[in-house]
Amino acid sequence: MDAVTSSNQAAWQTASQKHVREYDELLAQARRESSLLEHEQELLRPLLSAAPDVVHLQSGHGLDDIALANAGARSVVGIDFSSVAAAAAQRRADELAVPCRYVVAEVPRTPLRDGSADLIYTGKGALIWLPDIDAWGREVVRLLRPGGQLFVYEAHPAVPLWAWDEDEPRIRPDRGYFEASHVNETFPAHGAVEWQRTLGEIVNALLAAGLQLRHLAEYPEPFWRYGDLDAAAWRGRLPNSFALLAAKPLRPDCRA
């Protein structure tokens, strides 16, 4: 593991202690409601109706895995490089008797066999921790069965530009859309690095890996808000999230 990835892992291990401290609250939330947002549920509903085996890359607290299982997934395997996050997520899944299991591993080098998944879910704050988006795309293809699909619901790549001013939307003077990376402001003490891509770079990584783009949508709503803040950038004028569906061809030579 390189130095940047090690720093990011240390930061995520520290952050994941929150999942332990708030174990009971997260358990109650999982019992009470789905953590999948409206746009996610709409796009995932037909996919989950087929009872797929799901792999969730960078699974975090695991509430999305419980929601996927409750919505129809036959099984969910969550991958996260924080042992703290994975252990807390496994405990919650066991307590709720849902078919989820967790593996501690670095994405994209996941210790799962080829063709493990009918559906790969990636969402809500995952892609910024990937130093090699092309390797991620290839790993998605390796893990998917022919005809399997990738679902992504993420912060829009333009989000790092938006200031959190409440009076009107503004672009931060210290950020650019085409930057490669910057220090993550949540974990500056760890020197954690946040990787930044354009929407085109994300899509092209998946196309280069051999996936077929099925759906791409952009939304004004953010999936995460800081405290009680009501930033003007979140009020409908700017892109704050996006969803993507891509499929692995049934035959290797099928590109259409």
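Quick caveat: nothing in here was measured; it's all calculated off a predicted structure.

Explain the overall build of the chain residue by residue, including any values.
The helix and strand tally for the chain stands at 7 helices and 9 strands. A principal-axis box enclosing the C-alpha atoms of the chain has dimensions of 50 × 45 × 40 Å. The proportion of buried residues among the 256 residues of the chain is 53%. In the chain, of all internal contacts separated by at least 6 residues, the share reaching a separation of at least 24 is 73%. With an accessible surface of roughly 12,100 Å², the chain has 53% of that area assigned to carbon and sulfur atoms. In the chain, 26 side chains carry a positive charge and 35 a negative one; their mean positions are 5 Å apart.

Summarise the environment of Val 55; cite the residues concerned and give the values.
Tracing the backbone through its elements, the reader meets Val 55 in strand β1 (residues 53-57). With relative accessibility at 1%, the residue Val 55 sits in the buried group. Other than its neighbours up to four places away in sequence, Val 55 contacts Val 77, Ile 79, Leu 112, Ser 116, Ala 117, Leu 119, Ile 120, Tyr 121 and Leu 143.

Report on the packing of helix α6 (residues 133-143) against helix α7 (residues 199-209), specifying residues and quantitative values.
Axis separation between α6 and α7 bottoms out at 8 Å; the angle between their running directions is 45°. As far as their axial angle goes, α7 and α6 are oblique. Note that α6 runs across α7; the crossing there is right-handed. Across the interface between the two elements, Ile 133, Asp 134, Trp 136, Gly 137, Arg 138 and Val 141 of α6 pack against Ala 205, Leu 206 and Ala 209 of α7. Here the residues of the contact of α6 with α7 are counted per class, giving 6 nonpolar, 1 polar and 2 charged.

With reference to specific residues and values, describe helix α4 (residues 63-70).
Within α4, 7 of the 8 residues are buried, leaving the element largely enclosed by the surrounding structure. Residues of α4 that are buried include every one of Leu 63, Asp 64, Asp 65, Ile 66, Ala 67, Leu 68 and Ala 69, and no others. A positive backbone phi angle near 135° is found at Gly 72, which sits one or two residues after α4.

Quick one: what's the story with a nonpolar patch on the surface, residue by residue and with numbers?
Residues Trp 164, Trp 224 and Tyr 226 make up a contiguous nonpolar surface patch of roughly 380 Å² in combined accessible area. With respect to the helices and strands, the residue Trp 224 is situated in the loop between β8 (212-219) and β9 (241-247). With a relative accessible area of 49%, Trp 224 lands in the partly exposed category.

Summarise the nonpolar core; cite the residues concerned and give the values.
Counting residues in hydrophobic clusters, the biggest one holds 30 residues, and the most contacted among them are Val 55, Leu 57, Ile 79, Ile 120, Trp 136 and Leu 150. Listed by contribution, the elements that provide at least two residues to this core are β1, β2 (75-80), β4 (117-123), α6, β5 (144-155), α7 and β9. For this core, the element with the most residues is α7, which contributes 6 residues. The contact partners of Ile 120, leaving out residues within four places of it in the chain, are Val 55, Leu 57, Val 140, Leu 143, Leu 144, Gln 149, Leu 150 and Phe 151. Listed in part, the 29 residues of the second largest apolar core include Leu 44, Val 54, Val 76 and Ala 86.

I'd like to hear about the sheet that holds β2, residue by residue, with values.
Adjacent strands of a sheet form backbone hydrogen bonds with each other and so pair up, either parallel or antiparallel. Strand order in the open sheet made by the 7 strands is β3-β2-β1-β4-β5-β9-β8, with mixed pairing throughout. Two strands in the sheet have a free side with no partner beyond their single neighbour: β3 (100-104) and β8. Across this sheet, the average inter-strand angle for adjacent strands is 15°, counted without regard to direction. Against the sheet, helix α3 (residues 38-48) touches β4, β5, β8 and β9, its axis set at about 170° to β5. α4 rests against β1, β2, β3 and β4 of the sheet, and its axis sits at about 145° to β3.

Hey, could you go over a negative patch on the surface for me, with residue numbers and the actual values?
Taken together, the side chains of Asp 24, Glu 25, Asp 94 and Glu 95 make up a negatively charged region of the molecular surface. Counting only elements with at least two residues in the negative patch, the list comes to α2 (23-32) and α5 (83-96). Secondary-structure assignment places Asp 24 in helix α2. Judged by its relative accessible area of 56%, Asp 24 is exposed.

Any chance you could break down the packing of aromatic side chains for me, citing the residues and the numbers?
One pass over the full model with this rule turns up 8 aromatic pairs. Between the aromatic rings of Trp 164 and Trp 224, the centroid separation amounts to 6.1 Å while the plane-to-plane angle is 55°, which identifies the pairing as tilted. Pair noted here: Trp 164 is in the loop between β5 and β6 (181-183) and Trp 224 is in the loop between β8 and β9, with a separation of 60 residues, a long-range link. The lysine or arginine in question, Arg 91, covers the ring of Tyr 23, its NZ or CZ lying 3.7 Å from the ring centre.

About the cut-offs
- Residues numbered from 1 in each chain as written.
- Predicted model: local features only at pLDDT ≥ 70, side-chain atom pairs only at ≥ 80, totals over all residues.
- Heavy atoms only, no water.
- Helix = DSSP H or I, 4+ residues; strand = E, 2+ residues; numbered from the N terminus.
- Buried < 20%, exposed > 50% of the residue type's maximum accessible area, 1.4 Å probe, protein only.
- Contact = heavy atoms within 4.5 Å.
- Areas by Shrake-Rupley, 256 points an atom, 1.4 Å probe, with all protein chains shown as cover.
- Lys, Arg positive; Asp, Glu negative; His and termini not counted.
- Charge placed at Lys NZ, Arg CZ, Asp CG, Glu CD.
- Axes fitted to C-alpha atoms, helices over the stretch in contact; angles between N-to-C directions.
- Parallel < 35°, antiparallel > 145°, perpendicular 65-115°, else oblique.
- Left-handed = near helix turned anticlockwise from the far one by under 90°.
- Nonpolar A, V, L, I, M, F, W, Y, C, P; charged D, E, K, R; others polar.
- Patch = residues over 30% accessible without salt bridge, like charges linked within 9 Å, V, L, I, M, F, W, Y side chains within 5 Å.
- Salt bridge = Lys/Arg side-chain N within 4 Å of Asp/Glu carboxyl O.
- Core = buried A, V, L, I, M, F, W, Y, C linked by side-chain atoms within 4.5 Å.
- Pairing = 2+ DSSP bridges.
- Phe/Tyr/Trp six-rings, centres within 6.5 Å; stacked < 30°, edge-to-face > 60°.
- Lys NZ or Arg CZ within 6 Å of the ring centre and 35° of its normal.

Everything listed here is a matter of geometry and, on its own, says nothing about what the molecule does.
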